[in-house]
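Fold and contact review
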Amino acid sequence: MLIDLHTHSNASDGTDTPSELIDKAINKHLDVLALTDHDTTRGWNEATKALLNHPSNSSLQLVLGSEISCQDENGISIHMLGLLFDPTYEPLINELEKTRENRLSRMEKIVARLNEAGIEITIEEVYAQKQGDATLGRPHLADALVARGHVASREEAFAALLHNGSKYYINHYSPSPMDAIRLIKEAGGVAIIAHPLASQRGRVISMELFGELISAGLDGIEVDHRDHSDLEKSELLRLAIEHDLIVTGSSDYHGTGKLNQLAEFTTHPAQWEALESRARDRRVVSR
Ligand code: AMP
Ligand code: ZN
Ligand code: FE
Ligand code: FE
């Protein structure tokens, strides 16, 4: 079975529409696909319709979710996957909207810093790179820098200018990971921490905070991910076994926006079953 529990569409910073993503998942014979756009549920409707109206007789199971941006008290960025939650639960949706709103002024500040350094780019050019109501992120700025010819690719934009340690970097409002877990679970969903030890992205969560998240009800850990080394994976696996947590593997696919290929890492069927059984309601979408 091919089970990929973390992907992005152009409802955030992926490049495929939700329909295209469903199409690709079916063509690649995935069995389970989760759509987890940053801080939003906006792609859910289109993805659901695309699956239900698909011309094939696909048995794909669609898991609706979101990758929630969080920050610890030291400003370290943490991503929390919320899966199978109730999208009408207002306290959670309000929190996502607060983050999305703050991403706009944050982007203006990053653009201003680039301009001060003589790198010409406007906020309008950044907006032109995103689909209507999508969650704005640095990848859209990267695409604008590519369009201007400042850099050749998203990868190069991040490596040269946009990475978390860059002097142009500014963070945006985000809930604490504790709040994110609480909200996901109040909404009946399952909380899986995404790529927790991906150290090349910047500073990562401390083991002390990891312990607090486990006490707060964290359901699982994304272990198999392109941004983890073998050593990081074995450390996370040990932690998961010690605390009886679900272990996932996933691609973090972003279309052409990243090298990550759909289902390049996958989740074991028994782990997926354990995950699904933790949701309050049976929300998986299938034909
Ligand atoms: P933001 O949400 O604005 O802080 O931007 C972070 C997002 O940028 C991540 O979730 C990734 O999707 C993307 N990203 C981070 N590093 C890279 C990279 N090297 N190449 C392409 N995309 C990246
Ligand atoms: Zn992303
Ligand atoms: Fe992430
Ligand atoms: Fe992601």
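Calculation criteria
Residues numbered from 1 in each chain as written. Chains lettered and ligands numbered in written order. Predicted model: local features only at pLDDT ≥ 70, side-chain atom pairs only at ≥ 80, totals over all residues. Heavy atoms only, no water. Donors = N, O, S within 2.8 Å, 3.2 Å for Na, K, Ca; no water. Helix = DSSP H or I, 4+ residues; strand = E, 2+ residues; numbered from the N terminus. Buried < 20%, exposed > 50% of the residue type's maximum accessible area, 1.4 Å probe, protein only. Salt bridge = Lys/Arg side-chain N within 4 Å of Asp/Glu carboxyl O. Domains from an automatic or database assignment. Contact = heavy atoms within 4.5 Å. Buried area = accessible area lost by both parts, 1.4 Å probe. Nonpolar A, V, L, I, M, F, W, Y, C, P; charged D, E, K, R; others polar.

Describing the coordination of the zinc ion (ligand 2)
Only Asp-13 (OD), Asp-13 (OD), His-38 (NE2) and His-254 (NE2) from the protein coordinate the zinc ion (ligand 2), and they sit 2.0 to 2.6 Å from it. Read from N- to C-terminus, the donor residues coordinating the zinc ion (ligand 2) fall into the pattern D-x24-H-x215-H. Taken as a pair, the zinc ion (ligand 2) and the iron ion (ligand 3) show a spacing of 5.8 Å. Here Asp-13, found in the loop between strand E1 (3–4) and helix H1 (18–27), pairs with His-254, found in the loop between strand E7 (246–249) and helix H10 (269–278); they are 241 residues apart in sequence, far enough to count as distant. Residue classification places Asp-13 among the buried positions, given a relative accessible area of 6%. The exposure class of His-254 is buried, given its relative accessible area of 4%.

Some words on the pattern of salt bridges
The tally for this structure, following the rule as stated, stands at 20 salt bridges. In this structure, Arg-148 and Glu-120 form a salt bridge, with 3.5 Å as the shortest nitrogen-oxygen distance. On the criterion of sequence distance, the pair formed by Arg-148 in the loop between helix H5 (138–147) and helix H6 (154–162) and Glu-120 in the loop between helix H3 (90–116) and helix H4 (123–127) is long-range, its members being 28 residues apart. Beyond isolated ion pairs, a larger network of salt bridges with shared partners links Arg-42, Glu-97, Arg-100 and Asp-133.

Examining the side chain of Asp-86
Checked against the element boundaries, Asp-86 lands in the loop between strand E4 (77–83) and H3. When its relative accessible area of 18% is taken as the criterion, Asp-86 is described as buried.

Describing the domain arrangement of the protein
Assigned domains within the protein: domain 1 (3–97 + 172–278) and domain 2 (103–162). On the side of domain 2, 10 residues touch domain 1, which itself brings 14 residues to the contact. Across the domain 1/domain 2 interface, buried area totals approximately 1000 Å², and carbon plus sulfur atoms make up 46% of it. Connecting domain 1 to domain 2 are two salt bridges. For the side of domain 1 that touches domain 2, a count of residues per class yields two nonpolar, eight polar and four charged.

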